[in-house]
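The lines below spell out each chain.
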Amino acid sequence: MRHLLNPLDFSVEEIDQLLNLATDIEHNPKKYAHVCDGKKIATLFYEPSTRTRLSFEAAMLNLGGSVLGFSSASSSSAAKGESVADTIRMVSCYADICAMRHPKEGAPLVASMHSSIPVINAGDGGHQHPSQTLTDLMTIHSLLGRLSGMTVGLCGDLKFGRTVHSLISALVRYPDVKFVLISPPELRIPEYIREDVLRANNIEFKEVGNLDEAMPELDILYMTRVQKERFFNEDDYIRLKDCYILNKEKMKLAKEKMFVLHPLPRVNEISVEVDDDPRAAYFRQVQYGVYVRMALIMTLLEVEKPC
Ligand code: NCD
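Criteria and cut-off values
Residues numbered from 1 in each chain as written. Predicted model: local features only at pLDDT ≥ 70, side-chain atom pairs only at ≥ 80, totals over all residues. Heavy atoms only, no water. Core = buried A, V, L, I, M, F, W, Y, C linked by side-chain atoms within 4.5 Å. Buried < 20%, exposed > 50% of the residue type's maximum accessible area, 1.4 Å probe, protein only. Helix = DSSP H or I, 4+ residues; strand = E, 2+ residues; numbered from the N terminus. Contact = heavy atoms within 4.5 Å. Arc of directions from axis to C-beta. Phe/Tyr/Trp six-rings, centres within 6.5 Å; stacked < 30°, edge-to-face > 60°. Lys NZ or Arg CZ within 6 Å of the ring centre and 35° of its normal. Pairing = 2+ DSSP bridges. Axes fitted to C-alpha atoms, helices over the stretch in contact; angles between N-to-C directions.

K.L.:
Please provide a residue-by-residue account of the nonpolar core, values included.
P.N.:
In terms of nonpolar packing, the biggest core is built from 65 residues, with Leu154, Ile168, Phe179 and Leu198 touching the most fellow members. If one sorts the elements of this core by residue count, helix α11 (residues 282-300) sits on top with 10 residues. Discounting chain neighbours no more than four positions away, the residues touching Leu154 are Val164, Leu167, Ile168, Phe179, Val180, Leu181, Ile182 and Tyr222. One finds Leu211, Met215, Met251 and Val274 within the second-largest nonpolar core, a separate group that totals 20 residues.

K.L.:
Go over helix α3 (residues 84-91), please, and point to the residues and values.
P.N.:
Within the span of α3, buried status applies to Val84, Ala85, Thr87, Ile88 and Val91. Seen along its axis, α3 keeps its buried residues to an arc of 165 degrees; they face one direction. Residues of α3 that are buried make contact with β1 (40-45), β3 (97-102), α4 (107-113) and β4 (119-124).

K.L.:
Can you break down the packing of aromatic side chains residue by residue, with the values?
P.N.:
Applying the stated criterion to the full structure yields four aromatic pairs. A ring pair is formed by Phe160 and Phe231, whose centres lie 5.5 Å apart and whose planes are at 55 degrees; its orientation type is tilted. Of this pair, Phe160 sits in the loop between β5 (150-155) and α6 (162-171) while Phe231 sits in the loop between β8 (220-223) and α9 (234-240); the two residues are 71 residues apart in sequence, bridging distant segments of the chain. Of the two residues, Phe160 and Phe231, both sit in the buried class. Here the aromatic cluster, defined as three or more aromatic residues joined through ring pairs, consists of Phe160, Phe231 and Tyr237. Here Arg293 stacks its cationic end above the ring of Phe56, 4.9 Å away from the centre of that ring.

K.L.:
Lay out the sheet that holds strand β7 (residues 205-208) in plain terms, naming residues and giving numbers.
P.N.:
Strand order in this open sheet of five strands is β7-β6-β5-β8-β9, and the pairing throughout is parallel. The outermost strands of the open sheet, each flanked by one partner alone, are β7 and β9 (259-261). Going across the sheet, the axis of each strand differs from the next one's by a mean of 20 degrees, ignoring polarity. Examined bridge by bridge, strand β6 (residues 177-182) and β7 share four bridges and lie parallel to one another. By the bridge assignment for β7, Phe179 is matched with Phe205. α6 rests against β5, β6 and β8 of the sheet, and its axis sits at about 165 degrees to β5.

Dropping the structure here:
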């Protein structure tokens, strides 16, 4: 039985297969409408979510399966003090697969150790978010036609942004990918990403503070929200929350074919005036998230691809 806890749980070849499957689903959705008939996904969300939870649920419904779960810790037995280990043992009796989001780093890993069904990490604290990464990879591949030979700018809260950590970890496995890491000094990427992921793999990267200067060299700009819920001090959040705002003026500095991604939700970091720019890809990214999660559910449940 397999889980998805970290983007590296799948090899590059397996990710290729998964993205191919997701693309086939995109073009032939009817073919997949019953491949998970009778299967259930449990969405165990101990932290707020709109897209991730609903896209897992939409994905399972699109495959003919059904969904159960909870959307906040307060409405689950966690509020009574139940451990993740006990919850997953019980959920294993109700569902065939589960997606878990939890404020504590490593909670889905603990769940996987006590689970008899596949566990998908749907975001664990400021750590990882691998299903978002699969979504990001499918989006980049669809926009640029490749996952190699590009310069990726990641901008905003690189410290607490788990989507950033997972995306960097996944992209270092493709040839000739360079990174420009744009953040205020307080929100730089964590040491383990800098040392164990970037430096350990001899990846070309730079850490800068100025978005305007970085814009012209980027093929992808991945904007992120300042992660309010992970700050210890409200004053720090208020000081940093509007450190970058992408607007029409800034978009003029970018390549004609540079695409803007964002895992969403957006707060202020992308001005709504950018939404009409053909390079704004963050709502298309949401749609890819459903196809990729359909492919992920099929892969982890070992459902045969229909002919
Ligand atoms: C992200 C998350 O939860 O980490 N959202 C998402 O899953 N699409 C990004 C965020 O909350 O800022």
